[in-house]
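# Report on the structure
This is what each chain is made of:
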Amino acid sequence: MATNRGNRARQTEEVDNTITYVQCDGLAAMKIVKHCHEESSNMDLAQGALLGLVVDKCLEITNCFPFPKNEDDTMDEELYQLAMMRRLRRVNVDHFHVGWYQSSNVGNFLSMALLESQYHYQTSIEESVVVIYDTQKSGRGFLCLKAYRLTPQAIQMYKDGDFTPEALRNMKVGYESLFVEIPIVIKNSPLTNIMVSELCEMMPEEQGHNFLDLGTASVLESHMRCLIERVDELYQESMRYNKYQQAVFKQETEKHRALTKQTAENAIRVAKGESPVPEEEVLKQFRPLPVPPRLNATIASGQINTYSQHISQFCSQSLAKLFITQSLQNAKESKDVTK
């Protein structure tokens, strides 16, 4: 028994070292950005497949293509993906499936659907990742492109299908150990870097203010609204679990009262020379209550943690932009004075 517990403890402490970082080609990143912004204008969720290859501990993303919309019921998504990868292979493009991407709005991406999809991807393709692109934050000048993978504990939890509090505690699964963020870097070819440099020189100076948007109130307001919604959802999950605990306590009290009464009646029956009634007859009246799953509460806690990190990071970046703008304004004023 002790050996089984030790093996389980070592299994839960396992660390995923399959991928150490993700390298995304600039063209693939631009395709992801373009698709996500096009779908965000219609308030739709953008999703697509990532193509590339694995080199040592690095996952290289070299191409991507969008998934078909759910409105078309006649199209088979799996056949569509196979046909796309087959056509890309014919034109000598990397066609190995290495994951998928999804758009998000102010960091709102952690959900049961995301967990289920990444579980199926990661169990079929060990090195697969999910890339999340935040359209609203990127529209404010903060590129938000992040890669995530499920932890070994989360994969084992989903494979077992047991989301009770005891199971999550034994496997040491919490909101902080559902997903692990993989560092992602964007790599461009030398020709692409030369072209970007030339475009920067060709841009008129008066158009530079387009990249210094200081309006942060709307983004912070959206973050706070989503944070309030998730906190309320977590509160509802806590209330549901508290009601379960109260029902269990009430049932245990009634069970103890029934057993005490049965013990007294058995003493009277023994005194009369009759056989006592077994305790199992009393226990059959009290069926165990179903334990509410705690996965939704864990996901809500993880999303709250993500919102808090995004708000902290966004505020830090906004302060940096304000200080930069102040320096530019002071330089402009001193230049006007010298004239």
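For the structure, see preceding data.
A brief report on the enclosed structure follows. All values reported here derive from a predicted model rather than from experimental measurement. (Residues numbered from 1 in each chain as written. Predicted model: local features only at pLDDT ≥ 70, side-chain atom pairs only at ≥ 80, totals over all residues. Heavy atoms only, no water.)

### A word on the pairing of strand β3 (residues 58-66)
Bridging between strand β1 (residues 21-25) and β3 involves four bridges; their strand directions are parallel. When the sheet's bridge partners are listed, Tyr21 is paired in β3 with Cys58. Sheet analysis places strand β2 (residues 47-55) next to β3, joined by eight bridges and oriented antiparallel. Directly across from Leu50, in β3, lies its bridge partner Cys64. The turn joining β2 and β3, which pair antiparallel and follow one another in sequence, is formed by two residues; a positive phi near 55° is taken by Asp56. (Pairing = 2+ DSSP bridges. Helix = DSSP H or I, 4+ residues; strand = E, 2+ residues; numbered from the N terminus.)

### Comments concerning a nonpolar patch on the surface
Residues Met195, Val196, Leu199 and Met202 make up a contiguous nonpolar surface patch of roughly 410 Å² in combined accessible area. Looking at the element boundaries, Val196 is found in helix α8 (residues 190-202). (Patch = residues over 30% accessible without salt bridge, like charges linked within 9 Å, V, L, I, M, F, W, Y side chains within 5 Å. Areas by Shrake-Rupley, 256 points an atom, 1.4 Å probe, with all protein chains shown as cover. Salt bridge = Lys/Arg side-chain N within 4 Å of Asp/Glu carboxyl O.)

### A closer look at helix α3 (residues 77-90)
When the terminal C-alpha atoms of α3 are compared, their 20 Å separation across 14 residues agrees well with the 20 Å that a helix rising 1.5 Å per residue should span. Considered for burial, the residues of α3 that qualify are Gln81, Ala83, Met85 and Leu88. Lining the buried residues of α3 we find β2, β3, β4 (96-104) and α4 (112-124). Just beyond α3, the residue with positive phi is Asn92, at close to 65°. (Expected span 1.5 Å × (residues − 1). Buried < 20%, exposed > 50% of the residue type's maximum accessible area, 1.4 Å probe, protein only. Contact = heavy atoms within 4.5 Å.)

### Brief notes about the packing of aromatic side chains
Counted by the stated rule, this structure contains six aromatic pairs. Seen in terms of ring centroids, Tyr119 and Tyr158 are 4.7 Å apart; in terms of plane orientation they differ by 45°. Their pairing is tilted. Placement of the pair is Tyr119 in helix α4 and Tyr158 in helix α6 (residues 152-160), with a sequence separation of 39 residues. A residue is classified by how much of its surface remains accessible, and Tyr119, at 12% relative accessible area, is buried. (Phe/Tyr/Trp six-rings, centres within 6.5 Å; stacked < 30°, edge-to-face > 60°.)

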